[in-house]
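Examining the three-dimensional arrangement
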Amino acid sequence: MPKTKLLVIGLGQDLRGDDAAGLEVVKRWQAEYPETAGDPELVVELSPLPGLSLLSFLECAEAAILVDAVQSGARVGTVHVLQREDLAAFGTDARSAHGWGVAETLALGEELYADKLPKRIRLLAIEAGGLELGSQLSVEVQAALPAAAQKLQELVLLLRQPEAGNEAETQQAGVLN
Amino acid sequence: MPETIHVPALARVEGEGGLYIGVKDGSVTEIRVDIYEPPRFFEGFLRGRFLQDVPDITARICGICPVAYQMSAVRALENALGASVTRQVRELRNLFYCGEWIESHVLHIFMLQGPDLTGHESALSLAAVAPEVVKTALRMKKIGNQVLKVIGGRSVHPVNACAGGFYSWPDAAELRALIPELEWGLHEAIKAASWAKGLPFPELEVDYEFVAMHRKDEYAILDGEILSSQQGILPEADFEKHYLEKHVQRSNALHSYTTEGNPYLVGPLARLNLNHEYLGGQAARALKESGLKLPLRNPYKSLLARAIETVEVFERAIRLIDEYAPTGPSAAELTLKAGSGAAGSEAPRGLLYHRYNLDANGLVEQAKIVPPTAQNLGRMEADLWQLAPQLLALPHEEATLTAEHLLRAYDPCISCATHFLTLTVYDA
């Protein structure tokens, strides 16, 4: 089966405040960049709690951008662009994690199917504030959506190119305040 | 002799939960299983919604068992309206449910409880030494996922189910295309049931009241009456008369008890013990070949019940796809009226009960959701009390693992947890 060139996947629970940040960024990007988002070589998914099923999405793609909420202690609404290696420091010990999160799932995928996973994976992560069930997106995350959507667009344009985009993209990784 | 055991975040359970066992002067003084329980929020959230919004909302209570939350919901709503569905709709729901059981049971057997029994810290460390085992598990799980996707439109939080049936019939050719993988999965499930019986389960025999859905013509999953090992057969509409929820001061969650004040058990052990004579041919053979003597009363051995049930749902899914030939409308027409309706179904973790009171316009006036994990909370704590003398004789780390393993064996679904990453950002 031919692989999709690029997978964009928003992760989160839209009933739990800022946990929905990943979903909202992808929706915002779809609204602001419909031409890019409608590219037939792109697959866009919105997925709450995919757990291990994330591997099924990933194995169909040459490159992938995961858009998710994170908590790192940074200011709420901060947009992080991370590479796969940035996640290696945690998530390898499932004892310290709840269920199957993104980091553990990627680690398992690499253990089992390193050749099937996309060679290039990026995480666009939005610093989350409140995560209470029934709460709304925080004002800070709401305000960060345009910048995050723009960042997602930049990442999409880079990653849908073949490997050549790699170098420039590496330089872009980091924290966007 | 261990000191107080405190596991603030249980690993390998679906969501958030903690365990506290207080030890003072060599005796256990307190046992608390803390589980975050979202259905109370959803009961409020559903009030005032139109009945057809209910299955899509309740599906979001749990990322791992959305079909269960949809099936108990649509059946309760149909009962409130006095509506009935066609045999074809029932069989498709049955198949839909098989997909979810495959996913959930395989995940639990190999990735959640399996590591406890094979001396591994996690599925990840298991994958490092036995990658083929984990690959097989992931391939089996994926088949369940594909069944959900073909019927439900998507695999996580499927959207096709409604009161009355389905919004559309899934494509028969797409379902039939899954049969080779399902047959492979059935073969692997039979092998897994045989492998599982040799695992080193800890010893514990508990005198349970088993409660499960029950039918006389098949191993009940989707519907039926309620059967209790103590109380016999009860109509599903009478569930709340016999099983009560009460607030327990030390816990955020409601605990379920019988009217006599005893905790009871729902889930794979209850189902297998009560309904084993209704298993399909291959599952019945797997049970016979396992040499298991029923009733099984060791909670750790619920994995064995899950393994037999996995054979059952692979076998059933193949049969239901073979027979699938939809004609006519995919959903019954519903006539709105005020009323109350209740229904149970067997989520992978056990009996899931829903009740809805509707007004004349089909709006929800009251919703009641009693999930299996909440029903088992009282049992988990009671089991730990029974296990306490054994725990006290163990070194602290081993005692902690044995207690954690007991809770994982219940496969608690601590639903609707956030999944965000706790992230450390490094300065370059």
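Reference entry: report on the structure contained in this document. (Residues numbered from 1 in each chain as written. Chains lettered and ligands numbered in written order. Predicted model: local features only at pLDDT ≥ 70, side-chain atom pairs only at ≥ 80, totals over all residues. Heavy atoms only, no water.)

Quick notes on the pattern of salt bridges
All names here are of chain B.
- Evaluation of the coordinates by the stated rule reveals 33 salt bridges over all chains.
- Linking Arg90 and Glu218 is a salt bridge whose minimum nitrogen-to-oxygen distance equals 2.7 Å. Here Arg90 is found in helix α4 (residues 87-117), whereas its partner Glu218 is found in the loop between β7 (211-214) and β8 (225-228), with 128 residues between them in sequence.
- Residue Arg90 is classed as buried on the basis of its relative accessible area, which comes to 16%.
- Linked by salt bridges that have partners in common, Arg87, Arg90, Glu91, Arg215, Asp217, Glu218, Asp223, Glu312 and Arg316 make up one network. (Salt bridge = Lys/Arg side-chain N within 4 Å of Asp/Glu carboxyl O. Helix = DSSP H or I, 4+ residues; strand = E, 2+ residues; numbered from the N terminus. Buried < 20%, exposed > 50% of the residue type's maximum accessible area, 1.4 Å probe, protein only.)

Here's the deal with unusual backbone geometry
Residue and element names in this part refer to chain B.
- In this model, Leu294 is joined to Pro295 through a cis peptide bond whose omega is 0 degrees.
- One can find Pro295 in the loop between α11 (281-290) and α12 (302-323).
- If you check the backbone angles, Asp25 has positive phi at about 50 degrees while not being a glycine.
- Assignment of secondary structure puts Asp25 in the loop between β3 (17-24) and β4 (27-35).

Observations concerning the environment of A:Gln150
All names here are of chain A.
- Its location among the elements puts Gln150 in helix α5 (residues 139-159).
- Gln150 sits in the partly exposed class, given a relative accessible area of 43%.
- Placed 121 residues apart in sequence, Gln150 and Trp29 show a C-alpha to C-alpha distance of 7.1 Å.

Some thoughts on the packing of aromatic side chains
All names here are of chain B.
- The final tally for this structure, using the stated rule, is 10 aromatic pairs over all chains.
- Geometrically, the ring pair formed by Phe41 and Phe45 is stacked, given 5.3 Å between the ring centres and 20 degrees between the ring planes. Here Phe41 pairs with Phe45, and both are found in helix α1 (residues 39-46), just four residues apart, close to one helical turn.
- We classify Phe45 as partly exposed; its relative accessible area is 24%.
- Taking 4.5 Å as the distance between ring centres and 25 degrees as the angle between the ring planes, the aromatic pair formed by Phe239 and Tyr353 counts as stacked. (Phe/Tyr/Trp six-rings, centres within 6.5 Å; stacked < 30°, edge-to-face > 60°.)

A closer look at the state of the cysteines
- Taken as a whole and assessed by the stated rule, the structure comprises zero disulfides over all chains.
- Unpaired in terms of disulfides, B:Cys98 finds its nearest cysteine sulfur in B:Cys65, a separation of 15 Å. (Disulfide = S-S within 2.5 Å.)

Quick notes on the pairing of strand β4 (residues 79-83) of chain A
Residue and element names in this part refer to chain A.
- β4 sits mainly inside the fold: five of its five residues count as buried.
- Side chains Val79, Val81 and Gln83 of β4 all project onto a buried face; the interleaved residues His80 and Leu82 project onto the opposite face, where all are buried too.
- Examined bridge by bridge, β4 and strand β5 (residues 120-127) share five bridges and lie antiparallel to one another. Its bridge partner being in β5, Gln83 is matched across the sheet by Arg122. (Pairing = 2+ DSSP bridges.)

Some points on the sheet that holds strand β12 (residues 339-347) of chain B
Residues and elements named next belong to chain B.
- Spatially, the three strands line up as an open sheet ordered β12-β13-β14, and their pairing is antiparallel. Edge positions in the sheet fall to β12 and β14 (364-370), since each of these pairs with one other strand and no more. Along the sheet, successive strands turn relative to each other by an average axial angle of 15 degrees, direction set aside.
- In terms of strand pairing, strand β13 (residues 350-358) meets β14 through six bridges, oriented antiparallel. Across the sheet, the residue bridging to Arg355 is Lys368, located in β14.
- Sitting on the sheet, helix α3 (residues 66-81) touches β12, β13 and β14, and the angle it makes with β12 is about 150 degrees. (Axes fitted to C-alpha atoms, helices over the stretch in contact; angles between N-to-C directions. Contact = heavy atoms within 4.5 Å.)

Section: the sheet that holds β7(B)
All names here are of chain B.
- Sheet architecture is open: three strands sit in the order β7-β8-β9, paired in antiparallel fashion. Each edge of the open sheet is held by one strand with a lone partner, namely β7 and β9 (232-234). On average, each strand axis in the sheet is tilted by 35 degrees relative to the strand beside it, whichever way the strands run.
- Here β7 pairs with β8 via four bridges, running antiparallel.

A few points about the environment of B:Arg87
All names here are of chain B.
- As for its position among the elements, Arg87 is in helix α4.
- Take Arg87: its relative accessible area is 60%, and that puts it in the exposed class.
- Taking the C-alpha atoms as reference points, Arg87 and Tyr167, separated by 80 residues in sequence, lie 16 Å from one another.

Focus: the nonpolar core
- Grouped together as the largest cluster of nonpolar side chains are 151 residues, with contacts concentrated most on A:Leu66, B:Met111, B:Tyr356 and B:Leu384.
- With 15 residues, the single largest contributor to this core is α4(B).
- Within the second largest apolar cluster, 28 residues are counted, among which are A:Trp29, A:Ala63, A:Ile65 and A:Val67. (Core = buried A, V, L, I, M, F, W, Y, C linked by side-chain atoms within 4.5 Å.)

Brief notes about the pairing of strand β3 (residues 61-71) of chain A
All names here are of chain A.
- β3 sits mainly inside the fold: nine of its 11 residues count as buried.
- Relative to β3, strand β1 (residues 4-11) runs parallel, the two sharing six bridges. Of the residues in β3, the one forming a bridge with Leu6 is Ala63.
- With eight bridges joining them, β3 and β5 adopt parallel strand pairing. From the neighbouring strand, Val67 faces β5, where its bridge partner is Leu124.

With respect to the packing of helix α4 (residues 102-113) of chain A against helix α6 (residues 131-152) of chain B
- Packing of α4(A) against α6(B) leaves a shortest axis separation of 10 Å and a crossing angle of 115 degrees. When the axes of α4(A) and α6(B) are compared, the crossing they make is left-handed. In contact with A:Leu108, A:Leu112 and A:Tyr113 of α4(A), α6(B) contributes B:Pro131, B:Val134, B:Lys135 and B:Leu138.
- When grouped by side-chain class, the residues that make up the contact of α4(A) with α6(B) number six nonpolar, no polar and one charged. (Left-handed = near helix turned anticlockwise from the far one by under 90°. Nonpolar A, V, L, I, M, F, W, Y, C, P; charged D, E, K, R; others polar.)

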